[in-house]
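# A structural walkthrough
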Amino acid sequence: MEIMGEFGAFSSEDMDGDEEGLLNDVEVNGSWTPQEKALHEARLKAKAKRRVRRTSSRDSTRESLSDNGADLGGDPTSPKGKTNAGDRKSRMGKGRGLPKKGGAGGKGVWGAAGMVYEMEEPDAKDPNYDESSQGDTVYATVTPELDERELEKTVSPIVQEYFEHGDTKEVQMLLEGLNLGHNKYAVSSLAVSLSLEGKASHRELTSRLLSDMVGKVLTEKDMARAFDKMLADLPDLILDTPEAPQMLGQFIARAIADHALPMGFLDCYKGKVDCDHARAALDRAAVLLSMKTKMVRLDNVWGVGGGLRPVKHLIKEMNLLLKEYLISGEVSEAERCLRDLEVPHFHHELVYEAVVMVLESKGESAISMMVKLLKAFWETGLITLDQMNRGFQRVYDELPEINLDVPHAHTIMESFVDLCYQESVITKQLRDACPSSRGRKRFVSEGDGGTIKQ
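The present account deals with the structure reproduced in this document. These numbers were taken from a predicted model, which means no experiment stands behind them. (Residues numbered from 1 in each chain as written. Predicted model: local features only at pLDDT ≥ 70, side-chain atom pairs only at ≥ 80, totals over all residues. Heavy atoms only, no water.)

## Considering the overall build of the protein
From N to C terminus, the protein includes 17 helices and 2 strands. Every one of the 454 residues in the protein was classed for burial, and the buried ones make up 34%. Sequence-distant contacts, at least 24 apart, represent 66% of the contacts inside the protein between residues at least 6 apart. Accessible surface computed for the protein: about 28900 Å², of which carbon and sulfur atoms make up 52%. (Helix = DSSP H or I, 4+ residues; strand = E, 2+ residues; numbered from the N terminus. Buried < 20%, exposed > 50% of the residue type's maximum accessible area, 1.4 Å probe, protein only. Contact = heavy atoms within 4.5 Å. Areas by Shrake-Rupley, 256 points an atom, 1.4 Å probe, with all protein chains shown as cover.)

Below you can see the structure in the form of structure tokens.
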């Protein structure tokens, strides 16, 4: 903008310093126009504002540098109050005007002066991480601890399989591979509960398992805790097994005799039992232990089961079973007794004894009753085809000797075999293998006119 006056033309950009005094002289001479006077007043106000703004910026910069102990030798008139290139003060006009991060941090900055760095652990996610330079690496398998439900689901098949093979070392090896945690006592209580629903041989195997696990997988305290739990659960156990109190008492007595339970286990319950079922179990254990003055192993508390029985004992039991059947005629009771013997591989002896008993009996009732019994055993699958064939074949082989004591043994045997074949107890091949009392047979081809020669 140009201003025309008595001294010629000049612009607003040239009006500064000495020129301002020149304008004052023009005003003194009274030669100012109204426009020149208004412009002069506007410039004075703008100049005063710039002076105030510059002074406030300089003061704030000095205060910031004095707070941080910085050198005040910078130029306070630098843009935005910037004193030097290393200043870390916020440029956004926010905050207290102090350097960011206390003067530390940022790109290419190691940190504040005097800071001491400690040794940091190597980060596996670091792109420069070298696993081989970290020394020997040890890999460990972490097995989660089993809760009560998972323990029952995992251990039950192990115990059921143990009832088949009877190897306690295999059970210990499988249990050592599990993280049983504080629920490991439940292994023994679970094994006892499963055996209560099984056979006598299962209970014998369970007692052996408890004895072998103490000191290896379980402690005496764990065993005592398990039996404490079973005594408390007796009201529920008798719903499925009415004889549970007596059986549990036998388990306790056997465990104490095998040193699987502390000797003072029963003393802890004296006068402290309110449940009748628990009291019956403890009384049963006390009676069994009092019968053994020298605390020997109660090996026969469950009886001798299965193939562990002597052969003579099994033969005696089978003879007694057949004689009781001929008196009572109860097929179901005979079947139950045979199952309790738990010797399916020895059932051919029952067939042999039954046939011999028929040969030595008098009257037709024994024949019909034995056919009925063998048919029931065959239909239920209690006696297999192999065991049935072996039993009859043994009688065939010994028939000449039996005939010495029973003269009509061949005749009785033939009629008995024919009746068994009619009831589908034996096969046609086994029937045809029966020895005949008529000796060798000669037929029409031998020229005898179709007659059978004695």
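## Examining empty space enclosed by the protein
Scanning the entire structure with this criterion turns up 2 cavities of 30 Å³ or more. The computed volume of the largest cavity comes to approximately 40 Å³. Forming the walls of the largest cavity are Ser207, Leu210, Ser211, Phe251, Arg254, Ala255, Asp258 and Ala260. Only α6 (200-213) and α9 (244-257) provide two or more residues apiece to the lining of the largest cavity. Among the residues making up the lining of the largest cavity, the classes are represented as 4 nonpolar, 2 polar and 2 charged. (1 Å grid on protein atoms, 1.4 Å probe; cavity = no way out; pocket = protein on both sides within 12 Å on 5 of 7 lines; lining within 4 Å. Points joined across faces, edges and corners; volume = space filled by probe spheres on them. Nonpolar A, V, L, I, M, F, W, Y, C, P; charged D, E, K, R; others polar.)

## A short note on a negative patch on the surface
Taken together, Glu145, Asp147, Glu148, Glu150 and Glu152 make up a surface patch of like negative charges. The topology assignment puts Glu152 in helix α3 (residues 148-165). (Patch = residues over 30% accessible without salt bridge, like charges linked within 9 Å, V, L, I, M, F, W, Y side chains within 5 Å. Salt bridge = Lys/Arg side-chain N within 4 Å of Asp/Glu carboxyl O. Lys, Arg positive; Asp, Glu negative; His and termini not counted. Charge placed at Lys NZ, Arg CZ, Asp CG, Glu CD.)

## A few points about unusual backbone geometry
A positive phi angle, close to 65 degrees, is found at His259, a residue other than glycine. One can find His259 in the loop between α9 and α10 (276-291). Even without a glycine there, the phi angle at Ser424 is positive, about 65 degrees.

## Re the packing of α6 against α9
For the pair α6 and α9, the least separation of the axes is 10 Å and the interaxial angle reads 35 degrees. Considering the relative orientation of α6 and α9, their crossing is right-handed. Between α6, through Arg203, Glu204, Thr206, Ser207 and Arg208, and α9, the contact on the second element is made entirely by Met247, Phe251 and Arg254. Classifying every residue of the contact of α6 with α9 gives 2 nonpolar, 2 polar and 4 charged. (Axes fitted to C-alpha atoms, helices over the stretch in contact; angles between N-to-C directions. Left-handed = near helix turned anticlockwise from the far one by under 90°.)

## Notes on the packing of aromatic side chains
By the definition in use, this model includes 4 aromatic pairs. With a centroid separation of 6.2 Å and 45 degrees between ring planes, the pair formed by Tyr162 and Phe163 is classed as tilted. Just as Tyr162 is buried, Phe163 falls in that class too. An angle of 20 degrees between the planes, with centres 6.2 Å apart, marks the rings of Phe392 and Phe416 as stacked. Pair noted here: Phe392 is in helix α15 (residues 385-405) and Phe416 is in helix α16 (residues 409-422), with a separation of 24 residues, a long-range link. Assigned by exposure class, Phe392 and Phe416 land together as buried. Here the aromatic cluster, defined as three or more aromatic residues joined through ring pairs, consists of Phe227, Phe265 and Tyr269. Over the ring of Tyr421 we find Arg431; its NZ or CZ atom is 4.5 Å from the centre of that ring. (Phe/Tyr/Trp six-rings, centres within 6.5 Å; stacked < 30°, edge-to-face > 60°. Lys NZ or Arg CZ within 6 Å of the ring centre and 35° of its normal.)

## Focus on the packing of helix α11 (residues 311-328) against helix α13 (residues 347-360)
Two elements in contact, α11 and α13, have axes separated by 10 Å at closest approach and are oriented at 50 degrees. Taken together, α11 and α13 sit at an angle that is classed as oblique. In this structure, α11 crosses over α13, and the sense of that crossing is right-handed. Side by side, α11 and α13 meet where Ile315, Met318, Asn319, Leu321, Leu322, Lys323 and Leu326 of the first sit next to Glu349, Leu350, Glu353, Ala354 and Met357 of the second. (Parallel < 35°, antiparallel > 145°, perpendicular 65-115°, else oblique.)

## Looking at α15
For α15, built from 21 residues, the straight-helix expectation of 30 Å at 1.5 Å per residue is met to within 8% by its first-to-last C-alpha distance of 29 Å. Helix geometry: α15 is bent most strongly at Leu399, by close to 60 degrees, with proline Pro400 lying one to four residues after it. Buried residues of α15: Gln387, Met388, Gly391, Phe392, Val395, Tyr396, Leu399 and Ile402, and no others. Contact partners of the buried residues in α15: α13, α14 (365-380), α16 and α17 (428-432). (Expected span 1.5 Å × (residues − 1). Bend = angle between axes of the 7 residues up to and from the residue.)

## Description of α3
A rise of 1.5 Å per residue sets the reference length of α3, with its 18 residues, at 26 Å; its end C-alpha atoms lie 26 Å apart and thus fit the reference within 8%. At Val155, α3 shows its maximal bend, which comes to roughly 25 degrees, and the proline Pro157 appears one to four places after that position. Lining the buried residues of α3 we find α4 (168-176), α5 (186-196) and α6. Once α3 finishes, Gly166 follows within two positions and takes phi at roughly 70 degrees, a positive value.

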